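# Structural features, examined
Chain by chain, the residues:
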Amino acid sequence: MKYCIIGGDAAGMSAAMQIVRNEKDADITVLEKGGIYSYGQCGLPYVVGGLIPSTDKLIARSIETFREKYGMDARTFHEVKAIDTHSKTVCGVHTKTGQSFEVSYDKLLVATGVSPIIPKQWTGLHLKGIYPLKTIPDAEELMTGLKDVQNVTIIGGGYIGLEMAENVLRLGKKVRIIQRSNQLGNIFDHDFAPYIHEEAEKHGIELCLEEEVLGFKGDDHVQFVKTAKKDYPTDLVIVSVGVSPNTDFLKETNVALNEQGVIVVNEAMETSVDGVYAAGDCATHYHRVKKLNDHIPLGTTANKQGRIAGLNMVGVKKPFRGIVGTSIIQFMDLTLGKTGLSNKEAEKLNFPFSEIKITSKSHASYYPDPKKLEIKLTYHKETEKLLGAQIIGEEGVDKRIDVLSTALYHEMDVEELADLDLAYAPPYNGSWDPIQQAARRLGK
C-alpha cells in the first residue's frame, strides 16, 4: 500500500509511525514544506526567552531517523500545490530548486497545520522587524532581531502573545501588548480578565486594549505601530493575532471544508473523499461538550488525531473521541487554566447555564504559603452537568483543571465533583479540594 502524508510534524509523523508499526513494508512518502520534522512548536517562546538553550532541543526525531530507521521517503522543502483525488496524485514544487514533483498514493493524509495570520490590509508590511512565530526558522529569525532592540510591541493578547510577552520581558526588553478586544486572554470570561491585566501591569507590560492596528511606519525598519488611536514607537513587532488552516490547495477539490477552510473529518479522521484523511491543526475537532465540530488547534490534539488517522489508514478501527477544550498557560507568576465552555460560549450556544465562583487556596490554609486560586464552574442550569471551568492562580491550577477536564469528558454533574476521592495532604490540598468547595455551593 502506498501512503502519502502531507506535513512532517505532530499529526503527520504520529500517523506515519502507526503505519510503520502496523503494516510491514508500507510504502510511505512524507512531503514537508519546511526543512525540519517532528518538533515541539509549543516550546518556541521558551527558546526565544532563553529557558530552553536551543531549538535543537525541540526536535523529537530527526529526518534521518525517519529515513534510515523507519524506511520512509521523508522529503523536505516539498510544497504541495494541488491534489487530484480521481487519479490519486499529489503535485507541487521543491521550494529550493523550483523543480516540480508528482507523487501517487493509495491513501493520503493531509496534516498541513496552520499558519499565522498577518492581515493583508495592514500598511507597511514590507518593513523589517515584523515577525510571526510558528516555526523554528521563525524563532531563529526573531532571536536575531531581538538582539539589538529595546522596545518590543506584541500584537495580540492570546496564549502566544502572553507567552511571548513573558519571554521577551525575561530578555530585559520593554514590552507593549496591543489587543483589539477589551481584554487579554479572550477565551476567559470578562470577569477573569482583570487578574491577567493586573499581572501584566505588575511586571511593567504596557497594555493597549480596544485598539485596532492599521499598519506600520518606518524607513527601512519598523519604527511605529499605527492604530486607529495613535502611533506607538517600537523597535520590533511580534504578530500573534490568530491562525488560518493551510488548505488553499484543497479548495478546487471535492474535499469538504468548513467556512473557515478547516477540513471536515469524521471520528476515523476520514474526509468527504474516500481514501483521503486529515488530522491536526488543519482538521476539525469534535467537541464533546458542544456536541459539534470545533477547531481548537493544539499539539496534544494533533498527536492524538495523527495516531488515530494512521491506525485507520492501515485498517485498525479506532475512533477519535473528541476534545473538551482544555488549555493552560504560564503567564509571569500566574497559571491560567480553562476547560470546556466559558459563560460567554455557553450563552452563544444557547445553553441554559449558571455559574459558581469562589476564591480558595492551593493547599491547606494552615500549611505555610498557600496561594490564592480564583475558580469558576459553569454548569447547565437544568441538568446541573458541568459545562466548563476557569482557574487562575500561582499554584495548583494544573492539577485542578485536569480533574475538571476528566469530569467534562465523562459528562459528570457538579454534585458528583464533591464525591470524587482526590489526594489530600496539607502541603498539596485542603480536606475539601477547591473544586469540591465550589461544587458544594450548589447547596445539596
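Residues numbered from 1 in each chain as written. Predicted model: local features only at pLDDT ≥ 70, side-chain atom pairs only at ≥ 80, totals over all residues. Heavy atoms only, no water.

### Here's the deal with the overall build of the protein
Inclusion rule: Runs of E in the DSSP output that reach at least two residues are strands. Runs of H or I that reach at least four are helices, and both are numbered from the N terminus. Both definitions apply: the radius of gyration is a C-alpha atom measure, and the globule rule equals 2.2 Å times residues to the power 0.38. Throughout, exposure labels follow a simple rule: accessible area from a 1.4 Å probe, protein chains only, divided by the maximum for the residue type, with under 20% read as buried, over 50% as exposed, and the rest as partly exposed. Contacts: residue pairs with any heavy atoms within 4.5 Å of one another. Each accessible area value is a Shrake-Rupley result obtained with a 1.4 Å probe; residue values ignore everything except the protein chains displayed when judging cover. The sign given to each residue is positive for Lys and Arg and negative for Asp and Glu; His and the chain ends receive no count. Lysine's charge is taken at NZ, arginine's at CZ, aspartate's at CG and glutamate's at CD.
Helix and strand counts for the protein stand at 11 helices and 25 strands. Taking 22 Å as the expected radius of gyration for a compact globule of 444 residues, we find that the protein reaches 23 Å, a close match to that expectation. If you line up the protein on its principal axes, its C-alpha atoms span 65 × 60 × 40 Å. Counting every position in the protein, which comprises 444 residues, the buried fraction comes to 52%. In the protein, the proportion of contacts linking residues at least 24 apart, taken out of those at least 6 apart, comes to 60%. A total of about 20,300 Å² of accessible surface is found on the protein, and carbon and sulfur atoms cover 48% of it. Charge-centre separation for the protein: the mean point of 51 positive side chains lies 1 Å from the mean point of 59 negative side chains.

### Overview of the environment of K96
With respect to the secondary-structure elements, K96 resides in the loop between β5 (89–94) and β6 (100–104). On a C-alpha basis, the gap between K96 and F77 in space is 6.7 Å, while along the polypeptide they are 19 residues apart.

### Focus: the UniProt feature "domain: Pyridine nucleotide-disulphide oxidoreductase dimerisation" (unreviewed entry) in the protein
The line we're drawing: UniProt positions are given in the numbering used here, feature names are shortened, and annotations may be inferred rather than shown by experiment.
With numbering aligned to this structure, UniProt lists the feature "domain: Pyridine nucleotide-disulphide oxidoreductase dimerisation" (unreviewed entry) at residues 329–430. Structurally, residues 329–430 comprises 24% helix and 35% strand, and the distance from its first C-alpha atom to its last is 24 Å.

### Regarding the pattern of salt bridges
Under the convention used in this document: When a carboxyl oxygen of Asp or Glu lies within 4 Å of a side-chain nitrogen of Lys or Arg, that pair is called a salt bridge.
Scanning the model with the defined rule gives 24 salt bridges in all. For K371, the salt bridge is made with D369, and the minimal N-O distance between the two is 3.2 Å. Here E374 ties to K372 by a salt bridge, and the two come within 3.9 Å at their closest N and O atoms. Through salt bridges with shared partners, one network takes in D189, D191, E355, K357 and K376.

### Things to note about the sheet that holds strand β11 (residues 174–179)
Defined as follows: In this analysis, strands are considered paired if DSSP registers two or more bridges between them. In this description, a line fitted to the C-alpha atoms serves as the axis of each element, helices being fitted only across the stretch in contact, and the angle between N-to-C directions of two axes falls anywhere from 0 to 180 degrees.
Taken together, the five strands give an open sheet; going across it, the order is β9-β16-β10-β11-β12, and neighbouring strands pair in parallel fashion. Each of the sheet's edge strands pairs with one partner strand only, and the pair in question is β9 (130–131) and β12 (206–209). Pairing of β11 with β12 involves four bridges; the strand directions are parallel. Residue Q179 lies in a different strand from β12, and its bridge partner there is L209. In the packing of helix α4 (residues 136–146) onto the sheet, the strands contacted are β9, β10 (151–155) and β16 (236–239), and the crossing angle to β16 comes to about 155°.

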